[in-house]
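# Fold and contact review
The lines below spell out each chain.
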Amino acid sequence: MADQTPYLAPVFPDAALAENPSQRCPVVLLLDVSASMAGARISELNQGLQAFKDSLGDDPLAKKRVDLALVTFGAKVEVVHEFSTVDAWNPAPLVAEGNTPMGEGIRKALEILQARKDQYRAAGLTPYYRPWVFLITDGEPTDDWLPAAKLVHTGHTANAFLFFAVGVQDANKDILRQICPPGRDPVNLKGLAYRELFLWLSSSMKSVSRSRPEDKVVLENPAAPGGWAMT
Amino acid sequence: MSLETPDNASLWRIAQASTAGVSHLAHHLPCQDFALTRQVTTPDGKTIVFLVAADGAGSATHAELGAKVVVASFLGLVQLALEQGRRLTDFGQTDINHWLAITRQAVDVKAAELGATSHDLAATVLGCCIGDGATLWWQIGDGAIVLGRGPGDYAVACWPAQGEYANETTFVTSANAPAEIRWGLIPHECPRIGVFTDGLQRLLLDYRQQQPVAAWFDVQFGFLAGLPPGSSPTLDQALTTLISGPRFVDQTEDDRTLILACR
């Protein structure tokens, strides 16, 4: 090249991007707070929930995307916390009392989930991530749970959500197995490893909330050594 | 007819960039996007521009390779058809189906060589071909193609991700790809084109208005139009710098590919 002039590398201008709302990743925690949970169980559960919130809050994407609700069943079935992002999530400590109306609890969880999906659609918040329903119990249903089990199976078949069940200590595993969708057996909590369970759940939600199209999100095996589950 | 690489008589400016997302870097995955652009001149002096990009599926073990096979196949097939005397304005559903079928075969062959399945090479595709008085675009899966007629005047060829769930899309290798391929033939040459994979779609498209972010494209195309015609590694590097900047990195963890072409 004969005529060398100094060449300035081009720099594309900085300009504002779209400000779209974050894609939501709905999760319903469905927790047994019946009288049998009193003592160490409820206290470990409450600490586990706190660890869950802290861990999710540390993740920039999960913080924006995970949309968390809490339903409990015990003396009554209660939506303790409506769907919200982690920042706004601050349920009061859970108190153990009453029976185990698990069937009604499941119905309530699926009902608020459906309502949330409708809200997403109305607000243009589609697509969203596949919702998770996460049930933890230490007992057995004291109400008619069969219709609820049917709702779980139908929803699972229709791909409406992923349903996970965790049995703590004396939980009735036979009934839990019948509630769970085929091929998704309940998992047994190792001792009272609630904290480990919730840290695993947090880590799983982080993976899901950053997953790419058609990714099969690989979850850490909770029954691996050091994990919270036992077989 | 043979297609020649044009001298600088062409007025097109083309920049392309692909960069790995932080989630890929964290998992030591390569960038699984791939893009190719090409500018050719027909013997009668018409310029034809090809812009093709693909996003390899994060779950596919050979996604990076799948994206390359898909991009090279589509680009090669369209160019071959033009070299055989077809006109851009003549293309239709039969051609699109044919290109997809051949590309799926190419993926199968590559998968067999690797002892893998075609799903291990899963990738989306976004393609656009401009010239001879027409703009042809096609797309399988998410990502988007923005077609502009001029400042402030942009449209999305096909709005991405119509499904219920965020982490689901269709790939060239998916069973439903032939039914899910979207394409269009516009009877004029769009002077401003943006092609980008899903890592950028929520940054460059306004989901509330269901429109491209016109102000952003205006700024970039305005800048590009002031540069000398053609394409160059320097220009591609500049675009890479742009999409690796804080504005982008803060808002997406995914691989990002962007092609901008204007004249």
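Residues numbered from 1 in each chain as written. Chains lettered and ligands numbered in written order. Predicted model: local features only at pLDDT ≥ 70, side-chain atom pairs only at ≥ 80, totals over all residues. Heavy atoms only, no water.

## As for the overall build of chain A
Secondary structure assignment for chain A yields 6 helices and 7 strands. Start at the N end of chain A and walk to the C end: the helices and strands fall as β-α-α-β-β-α-β-α-β-α-β-α-β. Principal-axis analysis of the C-alpha atoms gives chain A an extent of 90 × 40 × 35 Å. Classification of the 231 residues of chain A by burial places 54% in the buried group. Contacts in chain A between residues at least 24 apart in sequence constitute 73% of all its contacts with a sequence separation of at least 6. A total accessible area of about 10500 Å² is found for chain A, and carbon and sulfur atoms account for 52% of it. For chain A, the separation between the mean place of its 23 positive charges and that of its 27 negative charges on side chains is 3 Å. (Helix = DSSP H or I, 4+ residues; strand = E, 2+ residues; numbered from the N terminus. Buried < 20%, exposed > 50% of the residue type's maximum accessible area, 1.4 Å probe, protein only. Contact = heavy atoms within 4.5 Å. Areas by Shrake-Rupley, 256 points an atom, 1.4 Å probe, with all protein chains shown as cover. Lys, Arg positive; Asp, Glu negative; His and termini not counted. Charge placed at Lys NZ, Arg CZ, Asp CG, Glu CD.)

## Quick notes on the pairing of strand S3 (residues 47-55) of chain B
Residue and element names in this part refer to chain B. Where burial is concerned, most of S3 is hidden: 9 out of the 9 residues are buried. Here S3 shows two buried faces, one formed by Thr47, Val49, Leu51, Ala53 and Asp55 and the other by Ile48, Phe50, Val52 and Ala54. The pairing of strand S2 (residues 33-41) with S3 spans 9 bridges and is classified as antiparallel. Counterpart to Val40 in the pairing with S3 is Ile48. In sequence, S2 turns back onto S3 through a hairpin of 5 residues, with Gly45 there showing a positive phi of about 85°. For S3 and strand S4 (residues 125-131), the ladder comprises 5 bridges, and the chain directions are antiparallel. Its bridge partner being in S4, Phe50 is matched across the sheet by Cys129. (Pairing = 2+ DSSP bridges.)

## A few points about helix H1 (residues 40-57) of chain A
Side chains that are three or four residues apart share a direction in an α-helix, a result of its 3.6 residues per turn. Residues and elements named next belong to chain A. Taking 1.5 Å per residue, 18 residues should reach 26 Å; H1 reaches 26 Å between its end C-alpha atoms and fits that length. When H1 is considered as a whole, its buried residues turn out to be Arg41, Ile42, Leu45, Asn46, Gly48, Leu49, Ala51, Phe52, Lys53, Ser55 and Leu56. Contact partners of the buried residues in H1: strand S1 (25-32), helix H2 (60-65), strand S2 (66-73) and helix H6 (194-209). (Expected span 1.5 Å × (residues − 1).)

## Thoughts on the packing of aromatic side chains
Residue and element names in this part refer to chain B. Here the structure, examined in full by the defined rule, presents 18 aromatic pairs over all chains. Ring centres of Trp216 and Phe217 lie 5.2 Å apart, and the angle between their planes is 85°; this geometry places the pair in the edge-to-face category. Like Trp216, the residue Phe217 is buried in the burial classification. Pairwise contacts between aromatic rings join Tyr154, Phe196, Trp216, Phe217, Phe221 and Phe248 into one cluster. The ring of Tyr207 is capped by Arg202, whose NZ or CZ atom sits 4.5 Å from the centre of that ring. (Phe/Tyr/Trp six-rings, centres within 6.5 Å; stacked < 30°, edge-to-face > 60°. Lys NZ or Arg CZ within 6 Å of the ring centre and 35° of its normal.)

## Description of the side chain of Asn188(A)
Looking at where Asn188(A) falls in the secondary structure, it is placed in strand S6 (residues 187-189). Reaching out from Asn188(A), the side chain makes a polar contact with the side chain of Lys173(A) at a distance of 3.5 Å. (Polar contact = N/O pair within 3.5 Å; in protein donor to acceptor, adjacent residues only side chain to side chain.)

## Describing the interface of chain B and chain A
Facing the 48 residues of chain B at the interface are 37 residues of chain A. Summing both partners gives a buried area of about 3500 Å² for chain B against chain A, and 54% of it is carried by carbon and sulfur. Across the pair Arg247(B) and Asp14(A) runs a salt bridge whose closest N-O atoms are separated by 2.8 Å. Where chain B packs against chain A, one counts 9 residue pairs in polar contact (both at pLDDT 80 or more). Looking at the side of chain B that touches chain A, the elements that each hand over two or more residues are helix H5 (198-204), strand S10 (205-206), helix H6 (214-225), helix H7 (233-243) and helix H8 (246-249) of chain B. Looking at side-chain class alone, the side of chain B that touches chain A contains 22 nonpolar, 12 polar and 14 charged residues. (Buried area = accessible area lost by both parts, 1.4 Å probe. Salt bridge = Lys/Arg side-chain N within 4 Å of Asp/Glu carboxyl O. Nonpolar A, V, L, I, M, F, W, Y, C, P; charged D, E, K, R; others polar.)

## Regarding the sheet that holds strand S7 (residues 153-156) of chain B
All names here are of chain B. If you walk across this open sheet you meet the 5 strands as S1-S12-S9-S6-S7, and the pairing is antiparallel. Either end of the sheet is taken by a strand with one partner, and the two such strands are strand S1 (13-19) and S7. Averaged over all pairs of adjacent strands, the angle between their axes in this sheet comes to 10°, without regard to strand direction. Direction of pairing for strand S6 (residues 144-150) relative to S7: antiparallel, over a ladder of 4 bridges. (Axes fitted to C-alpha atoms, helices over the stretch in contact; angles between N-to-C directions.)

## Quick look at the sheet that holds strand S4 (residues 132-137) of chain A
Residue and element names in this part refer to chain A. Taken together, 7 strands build an open sheet; the order of strands is S3-S2-S1-S4-S5-S6-S7 and the sheet is mixed. Here the strands that pair on one side only, and so sit at the sheet edges, are strand S3 (77-84) and strand S7 (229-230). Bridge count for strand S5 (residues 162-168) against S6 is 3 bridges, and the pairing is parallel. By the bridge assignment, Val168 is partnered in S6 with Leu189. Where H1 meets the sheet, its contacts fall on S1 and S2, and the angle it forms with S1 comes to roughly 170°.

## Description of the nonpolar core
All names here are of chain A. Counting residues in each nonpolar core, the largest one holds 39 residues, and the members touching the most others are Leu29, Trp132, Phe134, Ile136, Phe198, Leu201 and Met205. The set of elements that each furnish at least two residues to this core consists of S1, H1, S2, S4, S5 and H6. Ranked by residue count, the leading element in this core is H6, at 7 residues. Apart from the residues lying within four places of it in its own chain, the contact partners of Phe198 are Leu29, Leu45, Gly48, Leu49, Phe52 and Ile136. (Core = buried A, V, L, I, M, F, W, Y, C linked by side-chain atoms within 4.5 Å.)

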